[in-house]
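Close look at the chain arrangement
The residues making up each chain are set out below.
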Amino acid sequence: MSNQGEGCCEPLSEEPLAEEQAAELATVFKALGDPVRLRLLSLIASRPSGEVCVCELTPAFDLSQPTISHHLKLLRQAGLVDSERRGTWVYYRVRPETTDRMAALLSSVSGDRAAV
């Protein structure tokens, strides 16, 4: 007996990513491919207030302030964080729409594999 007419296997996801979606998500994942940027995102996301001043981030690393600013710029360009200047300081917060999208993508792939 064959179930081919009904579809023998569940798809890994509802549909494959379009080229544009893949390029956009690759930028986001590439930004997280650096341990410093991954830690920065984690430090920002873990704040109870939801935001953190760059002056609080810099001491957490053995890196210069311009290097930290460069990493934050890449996170911002990837759409992972937003920033707001207040006087001389810049405050960063995670963009949940981007992190939620990444989480949904990863859970759909891993969830489909676990069901097989």
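Above: the structure in question.
In this numbering scheme, every chain counts its residues from 1 along its sequence in written order. In keeping with the model being predicted, local features are shown solely for residues with a pLDDT of at least 70 and side-chain atom pairs are shown and tallied solely at 80 or more, while totals for entire chains, interfaces and linings include all residues. Computation of side-chain values: all heavy atoms of the structure, hydrogens and water removed.

**Some details on the nonpolar core**
Formed by 22 residues in total, the largest nonpolar core has its most connected members in L40, I44, L72, L75, L80 and Y92. Secondary structure elements are taken from DSSP: a helix is a run of H or I of four residues or more, a strand is a run of E of two residues or more, and numbering for both begins at the N terminus. Among the elements of the structure, helix 1 (19–31), helix 2 (35–45), helix 3 (54–57), helix 4 (65–77) and strand 3 (89–94) are those that each provide at least two residues to this core. Considering every element that reaches this core, the biggest residue donor is helix 2, with four residues. Excluding its chain neighbours within four sequence positions, the residues that come into contact with Y92 are I44, G50, E51, V52, V54, L72, R76, V81, D82 and S83. What we call a nonpolar core is a set of buried Ala, Val, Leu, Ile, Met, Phe, Trp, Tyr and Cys residues that are connected through their side-chain atoms within 4.5 Å. The cut-offs for exposure are 20% and 50% of the maximum accessible area for each residue type, with area from a 1.4 Å probe on protein chains only; residues under the lower value are buried, those over the upper are exposed, and the others partly exposed. We call two residues contacting when some pair of their heavy atoms lies within 4.5 Å.

**Considering the sheet that holds strand 2 (residues 81–86)**
Taking strand neighbours across the sheet as the criterion, the three strands line up as 1-3-2 in an open arrangement whose pairing is antiparallel. With one partner strand each, in any of the chains shown, strand 1 (51–53) and strand 2 form the two edges of the open sheet. Taken pair by pair, the neighbouring strands of this sheet meet at an average axis angle of 25°, ignoring direction. Relative to strand 3, strand 2 runs antiparallel, the two being bridged by six bridges. The partner of E84 across the bridge, within strand 3, is Y91. Axis definition: a line fitted to C-alpha atoms, over the contacting stretch in the case of helices. Angles run 0 to 180 degrees between N-to-C directions. Packing against the sheet, helix 2 makes contact with strand 1, strand 2 and strand 3, and its axis sits at approximately 90° to strand 3. Relative to strand 2, helix 4 is tilted by about 125°, and along the sheet it contacts strand 2 and strand 3. What makes two strands pair is DSSP finding at least two bridges between them.

**Structural notes on the side chain of H71**
Among the structural elements, H71 can be located in helix 4. Residues contacting H71, with those up to four places away along its chain left out, are D34, V36, R37 and L40.

**Let's talk about the environment of E51**
The residue E51 is located in strand 1 in this model. E51 sits in the partly exposed class, given a relative accessible area of 21%. By the criterion applied in these results, polar contacts are pairs of N or O atoms within 3.5 Å in which, for protein atoms, one can donate a hydrogen and the other can accept it, and in which residues neighboring in sequence qualify only through two side-chain atoms. Side-chain polar atoms of E51 contact the side chain of R86, separated by 2.9 Å.

**Remarks on the packing of aromatic side chains**
Centres within 6.5 Å make a pair out of two Phe, Tyr or Trp rings, where for Trp the six-membered ring is used; the pair is then stacked when the planes are under 30 degrees apart, edge-to-face when over 60, and tilted otherwise. Here the structure, examined in full by the defined rule, presents zero aromatic pairs. For a lysine, the NZ atom is tested; for an arginine, the CZ atom; a charge sits over a ring if that atom is within 6 Å of the ring centre and within 35 degrees of the ring normal. For the cation-ring pair, R86 lies above Y91, with the distance from its terminal atom to the ring centre recorded as 4.3 Å.

**Section: the pattern of salt bridges**
By definition, a salt bridge exists where a carboxyl oxygen of Asp or Glu is found within 4 Å of a side-chain nitrogen of Lys or Arg. For the coordinates displayed, the defined rule picks out eight salt bridges. The salt bridge partner of E56 is R47, with a shortest N-O separation of 2.8 Å. In this structure R47 comes out as partly exposed when scored by relative accessible area, which is 28%. Linking R93 and E84 is a salt bridge whose minimum nitrogen-to-oxygen distance equals 3.9 Å.

**Considerations on helix 4**
Spanning 13 residues, helix 4 covers 18 Å between terminal C-alpha atoms, matching the ideal 18 Å at 1.5 Å per step. Those residues of helix 4 that fall on the buried side of the exposure criterion are I68, H71, L72 and L75. What you see down the axis of helix 4 is that its buried residues fit within an arc of 100°, all on one side. Facing away from the buried side of helix 4 by over 90 degrees, the exposed positions are P66 and Q77. Residues of helix 4 that are buried make contact with helix 1, helix 2, helix 3, strand 2 and strand 3. At the C-terminal side of helix 4, G79 shows a positive phi close to 85°. For a helix, the expected span equals 1.5 Å multiplied by the residue count minus one. Comment: arc refers to directions from the helix axis out to C-beta atoms.

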